[in-house]
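# Notes for the structure review
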Amino acid sequence: MMASVDGPVTVDGSLLEGGGQIVRVAAALSAATGRVVRVDNVRAGRPKPGLAAQHLAGLRLAAEVCGGRLVTPTEEEYGEVKVGSIAFVLNPGSVRETAMANAGVGETNESGDVESESKKIKIATHVSDVRTAGAVSLVAQTIVPVVAYSPVVTVITLTGGTDVSSAPPIGYVQNCLAPVLKKHLDLEINCHVNKRGYFPKGGGEVVLTVVPRRQVSSGESGSNAAPPIYPPFVIERKRAGRGGNSEPAKLGCWIINGTSDGKRQQTESRAAAQSAFRVLLNNSPTIAIAAEAMAKAGVPVDVKTLVEPGTGDGGSVVLTARSVDDTVTLCAAKVFSPPRSADANERLKLLIECASECGEDLAALVESGAAVDANLLDQLIVFMALADGRDGQKSRVIAKAPISLHAETAIQVCEHVCGARFFVLQGEDGGVGKGLCAVECVGVG
């Protein structure tokens, strides 16, 4: 991993998309690499510049996990950085040393909770409360690349919005990001929702458990800890649209419905799931053929319709198509946020529209030949930057062209902060079809 020998680096928070992506990426890179990072002009491209609650929660958590200090450029005391701050400095410590110093002993059960009576493994625990309906999925985006460097299991209780607009729902982390990281990085993520948090108050609770690539028992020392770098990885469909084990075939759908009328809403949620699949099958010949093959092989479709009330009202739809070899997980996810004035019929109409849009989006993604959706590419950029780049090794991900402004921003921040080298190659230049690009990176690991 890159050492902090070059001194602090300053990032312009107005760069490109000028939003929270810069904060999340800069914080993750600082904590993971040990390099001091300063960000000025925070969220200068937004109607309300400065840190929002979810960004501050992610920053404080990153500082805590690496044993660092979060300060303003003119103050030396932790706590001066607050909601609305337009600049900050993260002076990191060591993720590994902090984890070993603070970890207790225990084990995690299926829900991700700690069983303290066990003496099997070391566990570092943290708590992060956004205090608003700010998305906990974005806090997770900040911290997962960091705790992957921990030599112990990390358990984080996140409080805030679980299914809120302008961010992927927590179901996206569970059903897309987690399986992709498990397959390609052997990084295990368990994400258990204790309580849903909807707009406008949030208050949801999620227990995020991250198991490093090599589980560490209480008797192991730092020399036997998790590998210090991520391996380079490749995510592509080798025979896009022509069949094969890397083609999307296994379908999944998760409908979260936040109303308290359980019996009625289960019926409505099932109707939404049916709508999502109907639209997907009607618009994607690739999926229609694969679904028939999966049915003949006895492979079930994974469908869950959950009625989970929380503070406020809302929900989400997550629709996935995963390859037989699990190398590719394509996903479309949308948040369902009905207005307070919506009656039961209007609410059902909005939910089915949300599900249908997911079906349309996933069908278009499948037929494009891409191996990731835009949200996943955004979140993989940091992992690519930190991956092992010795001897010119590259990570490679195939996405729709052009890539999003969020992804472009993440790439530029990674190149500036840690020196990773990215290449975005379209069409023939990247060895991909029309409308696609190959995003390649020589990481700093």
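Residues numbered from 1 in each chain as written. Predicted model: local features only at pLDDT ≥ 70, side-chain atom pairs only at ≥ 80, totals over all residues. Heavy atoms only, no water.

### A short note on the overall build of the protein chain
On a plain count of helices and strands, the protein chain comes out with ten helices and 19 strands. Within the span of the protein chain, comprising 445 residues, buried residues form 54% of the whole. By sequence separation, contacts in the protein chain at least 24 residues apart represent 75% of the contacts at least 6 residues apart. Carbon and sulfur atoms make up 48% of the accessible area of the protein chain, which amounts to about 17900 Å² in all. (Helix = DSSP H or I, 4+ residues; strand = E, 2+ residues; numbered from the N terminus. Buried < 20%, exposed > 50% of the residue type's maximum accessible area, 1.4 Å probe, protein only. Contact = heavy atoms within 4.5 Å. Areas by Shrake-Rupley, 256 points an atom, 1.4 Å probe, with all protein chains shown as cover.)

### With respect to the pattern of salt bridges
Applying the stated criterion across every chain yields a total of 15 salt bridges. Between R390 and D388 there is a salt bridge, with its nearest N and O atoms 2.8 Å apart. Given a relative accessible area of 10%, D388 falls into the buried group. For K394, the salt bridge is made with E440, and the minimal N-O distance between the two is 3.4 Å. Remark: E440 occurs in strand 19 (residues 436-442) and K394 occurs in the loop between helix 9 (374-386) and strand 17 (395-400); sequence separation between them is 46 residues. Among the residues examined, K394 registers a relative accessible area of 39% and is labelled partly exposed. Classification of E440 as buried rests on a relative accessible area of 10%. What you see here is one network of salt bridges that share partners, running through E236, K394, R396 and E440. (Salt bridge = Lys/Arg side-chain N within 4 Å of Asp/Glu carboxyl O.)

### A short note on the sheet that holds strand 16 (residues 329-336)
Sheet architecture is open: four strands sit in the order 13-12-15-16, paired in mixed fashion. Each edge of the open sheet is held by one strand with a lone partner, namely strand 13 (302-307) and strand 16. Ignoring which end each strand starts from, the neighbouring axes of this sheet average 10 degrees apart. Bridging between strand 12 (residues 248-257) and strand 15 (residues 315-323) involves nine bridges; their strand directions are antiparallel. Each residue of the ladder has a partner; that of L251, found in strand 15, is A321. (Pairing = 2+ DSSP bridges. Axes fitted to C-alpha atoms, helices over the stretch in contact; angles between N-to-C directions.)

### Overview of the environment of M294
Within the secondary structure, M294 sits in helix 7 (residues 285-296). Taking the C-alpha atoms as reference points, M294 and V324, 30 residues apart in sequence, are found 9.5 Å from one another. Those residues in contact with M294 that sit more than four places away from it in its chain are A249, K250, V299 and V324.

### Details of helix 5 (residues 170-185)
The largest bend along helix 5 measures about 35 degrees and falls at L177, with the proline P179 one to four residues further on. Burial within helix 5 is extensive, with twelve of its 16 residues counted as buried. Every buried residue belonging to helix 5 is among I170, G171, Y172, V173, N175, C176, L177, A178, V180, L181, H184 and L185, and all of these are buried. Directly after helix 5, the chain includes D186, whose backbone phi takes a positive value near 55 degrees. (Bend = angle between axes of the 7 residues up to and from the residue.)

### Brief notes about helix 3 (residues 95-102)
Within the sequence span of helix 3, burial applies to V95, T98 and A99. Down the axis of helix 3, the sector holding all buried residues measures 100 degrees, keeping them to one side. Of the residues in helix 3, the exposed ones pointing more than 90 degrees away from the buried face are E97 and A101. Of the surrounding secondary structure, the elements contacted by the buried residues of helix 3 are helix 1 (20-33), helix 2 (53-65) and helix 4 (136-147). (Arc of directions from axis to C-beta.)

### Describing the packing of helix 1 against helix 2
Relative to each other, helix 1 and helix 2 sit at 5 degrees, their axes nearing to 10 Å. On the basis of their axis angle, the class for helix 1 and helix 2 is roughly parallel. For the pair formed by helix 1 and helix 2, the contact residues are G20, V23, R24, A27 and A31 on the first element and H55, L59 and A62 on the second. Looking at the contact of helix 1 with helix 2 residue by residue, the classes come out as five nonpolar, two polar and one charged. (Parallel < 35°, antiparallel > 145°, perpendicular 65-115°, else oblique. Nonpolar A, V, L, I, M, F, W, Y, C, P; charged D, E, K, R; others polar.)

### Observations concerning the sheet that holds strand 1 (residues 9-12)
Pairing is mixed in the open sheet, where four strands are placed in the order 1-2-4-3. Only two strands of the sheet have a single partner each, and these edge strands are strand 1 and strand 3 (69-71). The sheet shows a mean angle of 15 degrees between the axes of neighbouring strands, direction not considered. Sheet analysis places strand 2 (residues 37-40) next to strand 4 (residues 88-91), joined by three bridges and oriented antiparallel.

### Quick word on the side chain of S150
The residue S150 is located in the loop between helix 4 and strand 8 (153-160) in this model. Its relative accessible area of 2% is what places S150 among the buried residues.

### Focus: the packing of aromatic side chains
Counted according to the given criterion, the structure contains two aromatic pairs. Relative to Y230, the ring of Y149 lies with its centre 5.1 Å away and its plane at 50 degrees, an arrangement referred to as tilted. Remark: Y230 occurs in the loop between strand 10 (204-211) and strand 11 (234-235) and Y149 occurs in the loop between helix 4 and strand 8; sequence separation between them is 81 residues. Y149 sits in the buried class, given a relative accessible area of 2%. Classification of Y230 as buried rests on a relative accessible area of 3%. An aromatic cluster is built from Y149, Y230 and F383, whose rings are joined through pairwise contacts. Here the guanidinium or amino end of K394 rests over the ring plane of F423, the centre of that ring lying 4.7 Å away. (Phe/Tyr/Trp six-rings, centres within 6.5 Å; stacked < 30°, edge-to-face > 60°. Lys NZ or Arg CZ within 6 Å of the ring centre and 35° of its normal.)

### Concerning the environment of L185
Counting through the fold element by element, L185 comes out in helix 5. Between the C-alpha atoms of L185 and A387, which are 202 residues apart in sequence, the distance is 9.7 Å. Discounting residues that sit within four places of it in the chain, L185 has contacts with V180, R213, Y230, P231, F233 and F383.

### Topic: unusual backbone geometry
Note the cis peptide between F199 and P200, where omega equals 10 degrees. Checked against the element boundaries, P200 lands in the loop between strand 9 (188-197) and strand 10. With omega at -5 degrees, the peptide bond leading from A401 into P402 counts as cis. Positionally, P402 belongs in the loop between strand 17 and helix 10 (405-418). Here the phi dihedral of L16 falls at roughly 45 degrees; this positive angle occurs in a residue that is not glycine. Residue placement: L16 occurs in the loop between strand 1 and helix 1. Backbone geometry places D391, a non-glycine residue, at a positive phi of 60 degrees. Locating D391 in the fold gives a position in the loop between helix 9 and strand 17.

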